[in-house]
Amino acid sequence: LTLSPHLLCVLLQLCSLQLLVVAMPTCRLLEDVVLNTHHLLRDLGGAFPVQCLKYNINISFPDSAFPASTANHPQCRQALWVVYETLRETQLLFEDFELPVGEGGVSWDRKKLSSFQNLQDRLLEEGSCLSTNKTPDVLSPYFSNVTAVVQQQGSAACGWMALRRDVLWVLKTALREHHSCFTRRGRH
Ligand SMILES: *[C@@H]1O[C@H](CO)[C@@H](O)[C@H](O)[C@H]1NC(C)=O
Ligand SMILES: *[C@@H]1O[C@H](CO)[C@@H](O)[C@H](O)[C@H]1NC(C)=O
């Protein structure tokens, strides 16, 4: 078999095109994975403790991060970014801080928490290109505040509870009000 220089050139171009497609980060979040992530977080156990209400002043999620509607592509992208960035910052907190255990600590179902974190990792991988958002990072003051509360021994448990409440709200709101932005299985 001898390849003409021309054919070789075409083949090489096809190969590099395929490599490009493989290496391109994806921007999709699968709706059913987001739904399962929500359910795992919801089912970790325990209600929001009354004694943590006082930290609502420190930890109040900026509701306006979500677009008012998702009629067009930039709005969808913003809605998906809110989900992506919330999960990414949450993952960083899990990496940087231990959950407080024992009395006054956080008694979440460890198995469900670990399943939640697996799905979180998967969503962050599949949505990785969402990280390149051009709009200002409206979530960073919120996460600085969460970090401040989680960092202090006396308030750590409340910080985690408030974070869980808010991540649940983000996932629920995205699924309810911006569901058309998610990717459904079998539809690309
Ligand atoms: C951050 O905490 C301060 C109080 O320390 C509060 O005034 C502010 O609203 C909080 N911001 C967010 C986004 O939670
Ligand atoms: C909560 O915010 C207040 C100011 O509003 C601040 O004095 C306090 O240190 C903050 N608490 C924590 C745990 O960060």
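Reading the values: rules and limits
- Residues numbered from 1 in each chain as written.
- Chains lettered and ligands numbered in written order.
- Predicted model: local features only at pLDDT ≥ 70, side-chain atom pairs only at ≥ 80, totals over all residues.
- Heavy atoms only, no water.
- Salt bridge = Lys/Arg side-chain N within 4 Å of Asp/Glu carboxyl O.
- Helix = DSSP H or I, 4+ residues; strand = E, 2+ residues; numbered from the N terminus.
- Buried < 20%, exposed > 50% of the residue type's maximum accessible area, 1.4 Å probe, protein only.
- Near = heavy atom within 4 Å.
- Polar contact = N/O pair within 3.5 Å; in protein donor to acceptor, adjacent residues only side chain to side chain.
- Areas by Shrake-Rupley, 256 points an atom, 1.4 Å probe, with all protein chains shown as cover.
- Nonpolar A, V, L, I, M, F, W, Y, C, P; charged D, E, K, R; others polar.
- Disulfide = S-S within 2.5 Å.

### Regarding the pattern of salt bridges
So, point 1. All chains considered together, the criterion is met by seven salt bridges.
So, point 2. With a shortest N-O distance of 2.9 Å, R184 and E31 are connected by a salt bridge. Of this pair, R184 sits in the segment after α6 (156-177) while E31 sits in helix α2 (residues 31-42), placing them 153 residues apart in sequence.
So, point 3. Residue R184 is classed as partly exposed on the basis of its relative accessible area, which comes to 28%.

### Regarding the site of ligand 2
So, point 1. Close contacts around ligand 2 come from Y55, N58, V149, Q152 and S155, and that covers them all.
So, point 2. One of the side-chain nitrogen or oxygen atoms of N58 is found 2.3 Å away from an oxygen atom of ligand 2.
So, point 3. Here ligand 2, which alone exposes 360 Å², has 45% of that area covered by the protein.
So, point 4. In the shell around ligand 2, the residues fall into two nonpolar, three polar and no charged.

### Regarding the state of the cysteines
What makes a disulfide is a covalent bond joining the sulfur atoms belonging to two cysteines.
So, point 1. All told, the structure shown has three disulfides when counted by the stated rule.
So, point 2. Between the sulfur of C52 and that of C158 lies a disulfide, 2.1 Å long from S to S. Here the S-S torsion is close to -80°, and the disulfide linking C52 with C158 is therefore left-handed. Separated by 106 residues along the polypeptide, C52 in the loop between α2 and α3 (73-96) and C158 in helix α6 bring together distant segments of the chain. Accessibility assignment for this pair places C52 and C158 in one class, buried.
So, point 3. A sulfur-sulfur distance of 2.0 Å marks the disulfide that ties C76 to C181. Measuring the twist about the S-S bond at about -85°, one finds the C76-C181 disulfide to be left-handed. Remark: C181 occurs in the segment after α6 and C76 occurs in helix α3; sequence separation between them is 105 residues.
So, point 4. Taking relative accessible area as the criterion, C181 reaches 11% and is therefore assigned buried.

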